[in-house]
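Okay, here's what each chain looks like letter by letter:
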Amino acid sequence: MSVIDSDRPAAQASRDRKPPRSARSRGGASGSHIPYILIIPAAVVMIGILGYPLFKLFQMSFQNVNSYMVLFAPAFVRYIGFENFSAVLSDPTLWQSVERTVYLTVEVVALSLLIGMGMALLLNRVSPWVKVIVVTVMMFVWSVPAIVTGTLYRWLFAGQGGIIDYICYLLGGKGMLNHDWFANPTQGLYVVVAACMVWGALPFLVIGLNAAMTQVPKELVEASKIDGASPWQSFRHVVIPVIRPFLILVSALSFIWDFQVFGQIWALRENSPEPGYQTIGIYLYVKGFSSSHYSNSAVISLVMILLMLAVLIFYIRQVIKIGAQD
Amino acid sequence: MATLTFKPKASRSERPANENRWMTGVWNTVALGFAVVMGFPIYWMILTTVKSGKDLLSVNPTFWPTHFSFSSYSTVFSDPNFLPDLENTALITLGSVVLGLAVGFLAAVAVARFNFRGRNFFIVTMLVVQMVPLLSLVIPMYLILVSAGLYDELFGVILAYLVFTIPYVVWTLRSFIVNIPKELDEAAMVDGCTRWGAFFRVVLPLTVPGLITTGVYCWIQAWNEFVIANTMLSSNNKQTSMVWLTGFSASPTHNADYGAQMAGALLVSLPVVILFVIFQKRLASGLTAGAVKG
């Protein structure tokens, strides 16, 4: 992660040097209880708001909890074994929403990484004033909250007065005026929602990848050129290996963000996404709160956690290695 | 051609300088085109807020307003819930940032400066929990807050937000504190400071930049959060701005009033936009330094 840290001011960078390893191992006889006192607040809070809810999630998935039970008849809550699991897992709606989520995630991660990488490369070749303009625009786009992005894109792609329809019309698509982008969920999800997500993801990727690429030693690239490497070859065999840790990090982050997309779709579909727009996160929420089947929703939550962990397991292993190092 | 002076940038030294300049022109054009495409939605949002209702309804939208009108903003400010909800968001955000920083800072000091049993377990846990999707916790959290009597209370939401602020703060501040040389506090202690004196006079001041970066990042996270706020708060005047915006946009009166929707959207994102502009350099490094979640 030093790749990213090193664009800090020089004064700070001088502090970034690793202290000698012995420096940390204090905890001598006098203060062995101090670290435990220091982590108690964090540990207590995290157990209360994360550990207990996770346990409760697990417990609920074997119970028959719904809003009626919670509000009026808590005494009737009981364990029902794997009934919820068989009900939820045999419901094709779940697998359809998983399928949608996977397609959307793959599309958005691939598109945003490709465009982000391309623009990050481009930023190394443009004039300084152009770079300032691009980065400024990126910062503003980056700062737009997800809910606002969704609201904004609903207006851009609106069937009545939407500017995208009008631009399509100006560009020659005569039938595009008053085109309803949301009528067909396939189009709405994989075009509008994807555009909305890629737009929101690009600033971080472009700025981050560009910063990572400036860390690639110039001498390495020059040496590869002298040895006769084409631009593509030196990119593939010199730049990529150097920025690899950062690439892994941003791929994992993009996956995490895109897989649990919620706000953009929620705002785009005005708080009630149609079934065709339900990714797993939306499906979970609608099932839990619109139909109040808390226990079924708990099973969907578990499925979601497991799916994410299954993809992220390699990343987590790497992160643990890094965490154990220092 | 061989006599042409090459630019010092060696990566392009094999090409003649005038071809270089020509290519730079092409790249500049492509990059500016990209900036226009990326910036257009924001331009359109701002433009929509100052267009008059007539302009908004016209079949052929204009790319520049015929005359400016600020009625969209007055529509937003006349909504009775807009200002109370903005205030709630500020309170919730402030509460979760302050609590998260305080609790997280203590734990960060523990893992950065002390070696104790369970330290690695604690660090790894703080990292892995950031990958648990917030959505999957919403239902159990809701039930817990209901039974704790904190449902529809701002404090309940502040507590719930600690679930993403604390791990982030611990993880980011830890790397900050590790980088403060141990010799500094030892020198202070040699000069007569107590351990706590050394902590308050040396470690804390040096951590302030880290506290600011992490605080700003947590602020943005909490300000933009939607799912928890939407679930845990039910009264109209107790919601956050993001929840207000979705409700406002979906309400029958404003559903087609995109001018007011965009004005509302712009106003509720301003606090975050301003922070981004002020802290942009730090955020770019802070976000990637320790985050695994956005």
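Procedures and definitions
- Residues numbered from 1 in each chain as written.
- Chains lettered and ligands numbered in written order.
- Predicted model: local features only at pLDDT ≥ 70, side-chain atom pairs only at ≥ 80, totals over all residues.
- Helix = DSSP H or I, 4+ residues; strand = E, 2+ residues; numbered from the N terminus.
- Buried ≥ 20, exposed ≤ 12 C-beta atoms within 10 Å, placed from the backbone.
- Contact = placed C-beta atoms within 7 Å.
- Axes fitted to C-alpha atoms, helices over the stretch in contact; angles between N-to-C directions.
- Parallel < 35°, antiparallel > 145°, perpendicular 65-115°, else oblique.
- Left-handed = near helix turned anticlockwise from the far one by under 90°.
- Nonpolar A, V, L, I, M, F, W, Y, C, P; charged D, E, K, R; others polar.
- Core = buried A, V, L, I, M, F, W, Y, C linked by C-beta atoms within 7 Å.
- pLDDT = per-residue confidence, 0-100.

**Q** Please give an account of the environment of Val134 of chain A that cites residues and values.
**A** Among the secondary structure elements, Val134 of chain A is positioned in helix α7 (residues 128-142). Under the C-beta neighbour-count criterion, Val134 of chain A is labelled buried, with 25 such atoms within 10 Å. Separated by 39 residues in sequence, Val134 of chain A and Trp95 of chain A place their C-alpha atoms 40 Å apart. Those residues in contact with Val134 of chain A, other than ones at most four positions away along the chain, are Leu123 of chain A together with Ala31, Phe34 and Ala35 of chain B.

**Q** Residue-level account of the interface of chain A and chain B, with values.
**A** Taken together, the contact pairs 99 residues of chain A with 90 residues of chain B. Ranked by residues supplied to the side of chain A that touches chain B, first place goes to helix α3 (residues 34-60) of chain A with 16 residues.

**Q** Can you lay out the packing of α3 of chain A against helix α7 (residues 154-178) of chain B for me, pointing to particular residues and giving the numbers?
**A** α7 of chain B packs onto α3 of chain A with a crossing angle of 135 degrees between their chain directions and a minimal axis gap of 9 Å. Taken together, α3 of chain A and α7 of chain B sit at an angle that is classed as oblique. Handedness of the α3 of chain A/α7 of chain B crossing: left-handed. Residue-level contacts link Ala42, Val45, Met46, Ile49 and Leu50 of chain A of α3 of chain A to Leu159, Ala160, Leu162, Val163, Ile166 and Val170 of chain B of α7 of chain B. The residue inventory of the contact of α3 of chain A with α7 of chain B, partitioned by class, reads 11 nonpolar, no polar and no charged.

**Q** Kindly report on the nonpolar core, identifying the contributing residues and their values.
**A** If you look at the biggest cluster of nonpolar residues, it comprises 158 residues, and the most contacted ones within it are Ala108, Val157 and Val170 of chain B. In contact with Ala108 of chain B, not counting residues within four places along its chain, are Val169, Val170, Leu173, Arg174 and Ile177 of chain B.

**Q** Can you break down the confidence of the model for chain B residue by residue, with the values?
**A** All names here are of chain B. Across chain B, the average pLDDT comes to 85, with 89% of residues at or above 70. Here residues 1-14 is modelled with pLDDT under 50, and outside its nearest four sequence neighbours on either side it reaches 15 contacts, counting other chains as well. The ipTM value of the predicted complex is 0.86, and its pTM value is 0.86.

**Q** How would you summarise the confidence of the model for chain A if you had to cite specific residues and measurements?
**A** Low pLDDT marks regions whose predicted coordinates should not be analysed in detail. When pLDDT is averaged along chain A, the result is 85; 89% of the residues meet or exceed 70. Scored below 50 in pLDDT, residues 1-30 of chain A makes 40 contacts in the model with residues more than four places away or belonging to other chains.

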